[in-house]
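Below, each chain spelled out in residue letters.
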Amino acid sequence: KNLIVTKMGTVYPNTYVIVCGHYDTAVGSGTNDNGSGVVTILEIARLLQNIPTEYSIKFINFSGEEDGLLGSTHYVTSVVNGTTPKMDIKLVFNIDEIGSVAGIVNDKIVCERDLFAPTSNNAASDVVTRELMACTELYSPLKAELSYAYGSDYMPFQENGEVITGFFEHYYSPHAHTTQDLLVNLDTTYVYHVAKAAIGATLHFAKATISTSETENANKDFNVSFFPNPVKDRLTINKGKLTVNDYSFTIVDIHGNRVLKQQFVNAELLETIDISKLNSGIYMAVLETDGHRITKKIVIE
Ligand SMILES: [Zn+2]
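These numbers come from a predicted model, not from an experiment.

A. Local environment of the overall build of the protein. Along its length, the protein carries six helices and 14 strands. On C-alpha atoms alone, the protein measures out to a radius of gyration of 21 Å, which is about the 19 Å that the 2.2 N^0.38 rule sets for 301 residues. Across its three principal directions, the C-alpha atoms of the protein cover 70 × 40 × 35 Å. Buried residues in the protein amount to 49% of all 301 residues. Approximately 14,300 Å² of the protein is accessible, and the part contributed by carbon and sulfur atoms is 54%.

Pasting the structure below:
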């Protein structure tokens, strides 16, 4: 069993940006390989928790990476490919070993693109890796260096045809996979800089949207609301300032599955639907009509 955190997207709740690394270690404490990546992923999740993003994000720290990418391979086989249709992945952003070595100048980070077979996904990987490089230099003081992906948890995804990119330290630490892979031997300021770049890139990949004022919010969502929230049996849809009378209403679960869909024709301002058959949990409620798609998180109790 593993803990995977899913942040639901506001526009594309069933298309995922996967931010991943591994928490297992070969020898010793593994502070750089890959404690540095694990803390960075936790920090991205913490800082982005209240920032709306158009795409969903899954934060995953895999196990068994050092034993041959076991956790990520299992995940691709049984989760990504385990449903019909398979999970829709925008890209996989892997963060593995970004601590480098204490006491040297660490001003570059390696951005990794896919150069391996299958080649159908290589051009898209090149595009997102160049975006990662641009975000790195925009959001951190580091220089981005283009290289290629190998030997980490993005590989089972790339073999599955997914689009991948990743971060790896520029100076390859001699302490990795030894008992000297300790906090004192890595550069914590460098980890901080890489984390800034990683957060900026994740906001870019998942398309962060922040409204600066209530007015802007109201214009964007037409004052559409779904209530009560949390809800038990009956959910009311308030179409707010939308002037259209025909729309579709969908509820999507945390796995991206559509669990309810209803078409409304000549809808009143308020329409009420029965949701008592749905399990309790967090869902996205989506109201769609010509040219508008309004998505809000709802909690079913
Ligand atoms: Zn590693």
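B. Structural context of the coordination of the zinc ion. Within the first shell, the zinc ion binds the protein through His22 (NE2), Asp33 (OD), Asp96 (OD) and Asp96 (OD), at distances of 2.0 to 2.6 Å. Classification of the site at the zinc ion as irregular follows from its four donor atoms and the range of 52 to 149° in their angles at the metal.

C. Examining the sheet that holds strand β12 (residues 270-274) more closely. Pairing is antiparallel across the open sheet formed by three strands, whose spatial order is β8-β9-β12. Taken across any chain shown, the strands that pair with only one partner, and hence form the sheet edges, are β8 (225-227) and β12. With strand direction ignored, the average angle separating the axes of adjacent strands in the sheet is 25°. Examined bridge by bridge, strand β9 (residues 234-238) and β12 share five bridges and lie antiparallel to one another. Looking at the pairing, Ile237 lines up with Glu271 of β12.

D. How the structure looks around the domain arrangement of the protein. If you check the domain split of the protein, you get domain 1 (4-205) and domain 2 (221-300). Just the C-alpha atoms count here: the centres of domain 1 and domain 2 sit 34 Å apart. Listed as interface residues are nine residues of domain 1 and, on the opposing side, ten residues of domain 2. Across the interface of domain 1 and domain 2, roughly 750 Å² is buried in total on both sides, 62% from carbon and sulfur atoms. The three residues of domain 1 that bury the most area against domain 2 are Met8, Thr10 and Pro13, which together make up 55% of that side's buried surface. Examining the composition of the side of domain 1 that touches domain 2, we find that three residues originate from one element, strand β2 (residues 12-22), more than from any other. When grouped by side-chain class, the residues that make up the side of domain 1 that touches domain 2 number four nonpolar, four polar and one charged.

E. Just helix α2 (residues 70-80), in detail. Among the residues of α2, those classed as buried are Gly71, Ser72, Tyr75, Val76 and Val80. Projected down its long axis, α2 carries its buried residues within an arc of 135°, all on one side. Of the residues in α2, the exposed ones pointing more than 90 degrees away from the buried face are His74 and Thr77. The secondary structure elements touched by the buried residues of α2 are β1 (4-7), β2, β3 (55-62), β4 (88-95) and α4 (155-159).

F. Quick peek at the pattern of salt bridges. Here the structure, examined in full by the defined rule, presents seven salt bridges. A salt bridge links Glu43 to Arg46; its shortest N-O distance comes to 2.8 Å. Taken together, the positions of Glu43 and Arg46, both in helix α1 (residues 31-48) and three residues apart, correspond to about one turn of that helix. Glu43 sits in the partly exposed class, given a relative accessible area of 28%. For Asp221, the salt bridge is made with Lys296, and the minimal N-O distance between the two is 2.8 Å. Of this pair, Asp221 sits in helix α6 (residues 214-221) while Lys296 sits in strand β14 (residues 292-300), placing them 75 residues apart in sequence. What makes Asp221 buried here is its relative accessible area of 17%. The exposure class of Lys296 is partly exposed, given its relative accessible area of 24%. Salt bridges sharing common partners tie together Arg113, Asp126 and Arg130.

G. Unusual backbone geometry, seen in detail. In this model, Thr84 is joined to Pro85 through a cis peptide bond whose omega is -5°. Here Pro85 lies in the loop between α2 and β4. In this structure, the amide linkage connecting Asn229 to the following residue, Pro230, adopts the cis form with an omega of 10°. Counting through the fold element by element, Pro230 comes out in the loop between β8 and β9. The phi angle at Ser100 is positive, at roughly 50°, despite the residue not being glycine. Within the secondary structure layout, Ser100 lies in the loop between β4 and β5 (108-113). Overall, the relative accessible area of 1% leaves Ser100 in the buried class. Phi at Asn223 takes a positive value of approximately 60°, unusual for a residue other than glycine.

Reading the values: rules and limits
Residues numbered from 1 in each chain as written. Predicted model: local features only at pLDDT ≥ 70, side-chain atom pairs only at ≥ 80, totals over all residues. Heavy atoms only, no water. Helix = DSSP H or I, 4+ residues; strand = E, 2+ residues; numbered from the N terminus. Rg over C-alpha atoms; globule rule 2.2 N^0.38 Å. Buried < 20%, exposed > 50% of the residue type's maximum accessible area, 1.4 Å probe, protein only. Areas by Shrake-Rupley, 256 points an atom, 1.4 Å probe, with all protein chains shown as cover. Donors = N, O, S within 2.8 Å, 3.2 Å for Na, K, Ca; no water. Tetrahedral: all angles 85-135°; square planar, octahedral: opposite > 155°, others 65-115°. Pairing = 2+ DSSP bridges. Axes fitted to C-alpha atoms, helices over the stretch in contact; angles between N-to-C directions. Domains from an automatic or database assignment. Contact = heavy atoms within 4.5 Å. Buried area = accessible area lost by both parts, 1.4 Å probe. Nonpolar A, V, L, I, M, F, W, Y, C, P; charged D, E, K, R; others polar. Arc of directions from axis to C-beta. Salt bridge = Lys/Arg side-chain N within 4 Å of Asp/Glu carboxyl O.

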